[in-house]
Amino acid sequence: MSKNSSISIGQTEVKPGTRHSISLPIADLYTGTSLSMPVKVVAGRKAGPVLFVSAAIHGDELNGVEIIRRLLKQKSLQSLRGTLLAVPIVNVHGFLDLSRYLPDRRDLNRSFPGSAKGSIAARMANTFIKEIVSKADYGIDIHTGAVNRSNLPQVRANLDDSRSLELARIFGAPVIINSIIRDGSLRECAAERGFPMLVYEAGEALRFDEVSIRAGLRGVLRAMRHLGMLPETRSRKAITPVVAESTTWVRAPASGIVSRKIELGARVVEGQKLAIVGDPLGEFEEQVFAPYDGIVIGRSTLPLAHEGDALFHIATFKSLAHAESKVEQFAARHAE
Ligand SMILES: [Zn+2]
């Protein structure tokens, strides 16, 4: 097995067999205080792929920060082949403000590939592409639902790219969603360049969810073993995920207090009651029904809604029974 090569991130050259914590400069605070994006580079002695694992591109999405923290404590990294670029907090400004956005209210994940002379979001996106993505062979970007919205652990990837599809399968989240939309996200930017990457989405913003964290860490380790970066173990094989055919949000038919009748991961049939929306004085109640058969892969966690607010994210599958069994298998496995 040949020797790994050195890699330069920022001003630092990381030699094979060493680890470095690197601070990538980003826009200073207006107090005059400097701010930087923390990166841990783990360079294995032996050659292998370069993988980036990133989190908190939306600054309030915290599960991935914990997944990366636990990843960096893994003893198996001592026998790493290739190089791991771990970026637990990409959107440092948003992370400090407990906000999805940047101080100019822009969404970093709508600002890729960015530019050196653009907005604060465009500059941050540009730094991330230039220093991390362009030096990697593969990527895993970790997200959660938004504030007051929780996601069933799921992987989103460009399934037209065979290497992304393969990684998505290996990762072992129960559901895979093929979603390529032109939205300035890192995923779209990667898809355009034929760069294999996946997005893991699990849990909700500003909260830790232990099942989502454990499943995410296992998924990253599985991907690394699959890429030959870590030695194979005798751990149980992951479940084979199912690919969703389509997904839609069910919205509140009226404004009011929401009494939810169904949990994340549940199988629903067309016409099934999902929730009741009522007014605080108990004068009216409206029922919310499932528009078709599917699995609840996301939901609002707030028991209040305005008319039109998204309440349930429902995915449809070729075989619903098959999808349901995968979700149940996953839940049982990660409850251990
Ligand atoms: Zn996100």
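All of the points below concern the structure found in this document. Keep in mind that this is a model prediction, so the values were computed, not measured.

## Details of the overall build of the protein
In terms of helices and strands, the protein carries 7 helices and 19 strands. For the protein, whose C-alpha radius of gyration is 21 Å, the value lies close to the compact-globule estimate of 20 Å for 336 residues. Expressed as a percentage of its 336 residues, the buried residues of the protein come to 54%. Looking at the protein alone, contacts between residues at least 24 apart form 70% of all its contacts between residues at least 6 apart. Total accessible area computed for the protein in this model is approximately 15,300 Å², and 49% of it derives from carbon and sulfur atoms.

## A word on the packing of aromatic side chains
According to the stated counting rule, one finds 4 aromatic pairs in the structure shown. Aromatic rings pair up to connect F52, F112, F128 and F195 into one cluster. Here R149 stacks its cationic end above the ring of W249, 4.7 Å away from the centre of that ring.

## Examining a nonpolar patch on the surface
A contiguous nonpolar surface patch, about 240 Å² in accessible area, is contributed by I257, L302 and L304. With respect to the element layout, I257 can be found in strand β13 (residues 256–260).

## Examining the coordination of the zinc ion
Protein coordination at the zinc ion: the donors are H58 (ND1), E61 (OE), E61 (OE) and H143 (ND1), at 2.0 to 2.4 Å from the metal. Around the zinc ion, the 4 donor atoms sit at angles spanning 57 to 147°, and that spread fits a shape best called irregular. Mapping the donors of the zinc ion onto the primary sequence yields the spacing H-x2-E-x81-H. Overall, the relative accessible area of 2% leaves E61 in the buried class.

## Focus: the nonpolar core
F52, L84, F128 and M224 are the most contacted members of the largest nonpolar core, which totals 77 residues. If sequence neighbours within four positions are ignored, M224 has contacts with L51, L71, L77, L80, L84, M229 and L230.

## Considering the packing of helix α6 (residues 210–226) against helix α7 (residues 320–334)
For any two helices packed against each other, the geometry comes down to the angle between their axes and how far apart the axes lie. Where α6 meets α7, the closest approach of the two axes is 10 Å, and the angle between their N-to-C directions is 100°. As summarised for this structure, α6 and α7 are arranged roughly perpendicular, according to the angle between their axes. Together, V211, R214, A215 and R218 of α6 and F330, R333 and H334 of α7 make up the contact between the two elements. The residue inventory of the contact of α6 with α7, partitioned by class, reads 3 nonpolar, 1 polar and 3 charged.

## Remarks on the pairing of strand β9 (residues 175–178)
One face of the sheet, then the other: side chains in a regular strand alternate in exactly this way. Examined bridge by bridge, strand β8 (residues 149–157) and β9 share 4 bridges and lie parallel to one another. Within β9, the position partnered with A157 by the bridge is N178. Crossover connection from β8 via helix α4 (residues 162–171) to parallel β9: handedness right-handed. In this sheet, strand β11 (residues 242–243) lies alongside β9 in parallel orientation, the contact comprising 2 bridges. What sits directly across from I176, in β11, is V243.

## Quick notes on the pattern of salt bridges
For the coordinates displayed, the defined rule picks out 13 salt bridges. With its nearest N and O atoms 2.9 Å apart, the salt bridge here joins E66 to R69. With a gap of 3 residues between them, E66 and R69 both fall in helix α1 (residues 63–72), about one helical turn apart. Between E201 and R156 there is a salt bridge, with the nearest N and O atoms lying 3.8 Å from each other. You can see E201 sitting in strand β10 (residues 197–203) and its partner R156 sitting in strand β8, a full 45 residues away along the chain. With respect to class, E201 is no different from R156; both count as buried. Three or more residues joined by partner-sharing salt bridges are found here, namely E66, R69, R70, E210 and R214.

## Here we look at the sheet that holds β13
Read from one edge to the other, the open sheet built from 4 strands follows the order β16-β15-β13-β18, with strand pairing classed as antiparallel. Both outer strands of the open sheet, β16 (285–289) and β18 (304–305), are each paired with one neighbouring strand and no more. The sheet contact formed by strand β15 (residues 273–278) and β16 spans 5 bridges and is antiparallel. Along β16, the bridge assignment pairs V277 with E286.

## Concerning α4
Considered for burial, the residues of α4 that qualify are S164, L165, L167, A168 and F171. Along α4, the residues classed as buried sweep out an arc of 165° about the axis, all on the same side. Buried residues belonging to α4 abut β7 (138–143), β8, β9, β10 and α6. G172, located one to two residues past α4, shows a positive phi value of around 90°.

## As for the side chain of D107
Counting through the fold element by element, D107 comes out in the loop between α2 (92–97) and α3 (120–131). One polar contact links D107 to H58, side chain to side chain, over a distance of 2.9 Å. One polar contact links the side chain of D107 to the main-chain amide nitrogen of N109, over a distance of 2.8 Å. When neighbours within four sequence positions are excluded, D107 is seen to be in contact with H58, R100 and Y101.

About the criteria used
- Residues numbered from 1 in each chain as written.
- Predicted model: local features only at pLDDT ≥ 70, side-chain atom pairs only at ≥ 80, totals over all residues.
- Heavy atoms only, no water.
- Helix = DSSP H or I, 4+ residues; strand = E, 2+ residues; numbered from the N terminus.
- Rg over C-alpha atoms; globule rule 2.2 N^0.38 Å.
- Buried < 20%, exposed > 50% of the residue type's maximum accessible area, 1.4 Å probe, protein only.
- Contact = heavy atoms within 4.5 Å.
- Areas by Shrake-Rupley, 256 points an atom, 1.4 Å probe, with all protein chains shown as cover.
- Phe/Tyr/Trp six-rings, centres within 6.5 Å; stacked < 30°, edge-to-face > 60°.
- Lys NZ or Arg CZ within 6 Å of the ring centre and 35° of its normal.
- Patch = residues over 30% accessible without salt bridge, like charges linked within 9 Å, V, L, I, M, F, W, Y side chains within 5 Å.
- Salt bridge = Lys/Arg side-chain N within 4 Å of Asp/Glu carboxyl O.
- Donors = N, O, S within 2.8 Å, 3.2 Å for Na, K, Ca; no water.
- Tetrahedral: all angles 85-135°; square planar, octahedral: opposite > 155°, others 65-115°.
- Core = buried A, V, L, I, M, F, W, Y, C linked by side-chain atoms within 4.5 Å.
- Axes fitted to C-alpha atoms, helices over the stretch in contact; angles between N-to-C directions.
- Parallel < 35°, antiparallel > 145°, perpendicular 65-115°, else oblique.
- Nonpolar A, V, L, I, M, F, W, Y, C, P; charged D, E, K, R; others polar.
- Pairing = 2+ DSSP bridges.
- Right-handed = clockwise from strand over helix to strand, strands pointing away.
- Arc of directions from axis to C-beta.
- Polar contact = N/O pair within 3.5 Å; in protein donor to acceptor, adjacent residues only side chain to side chain.

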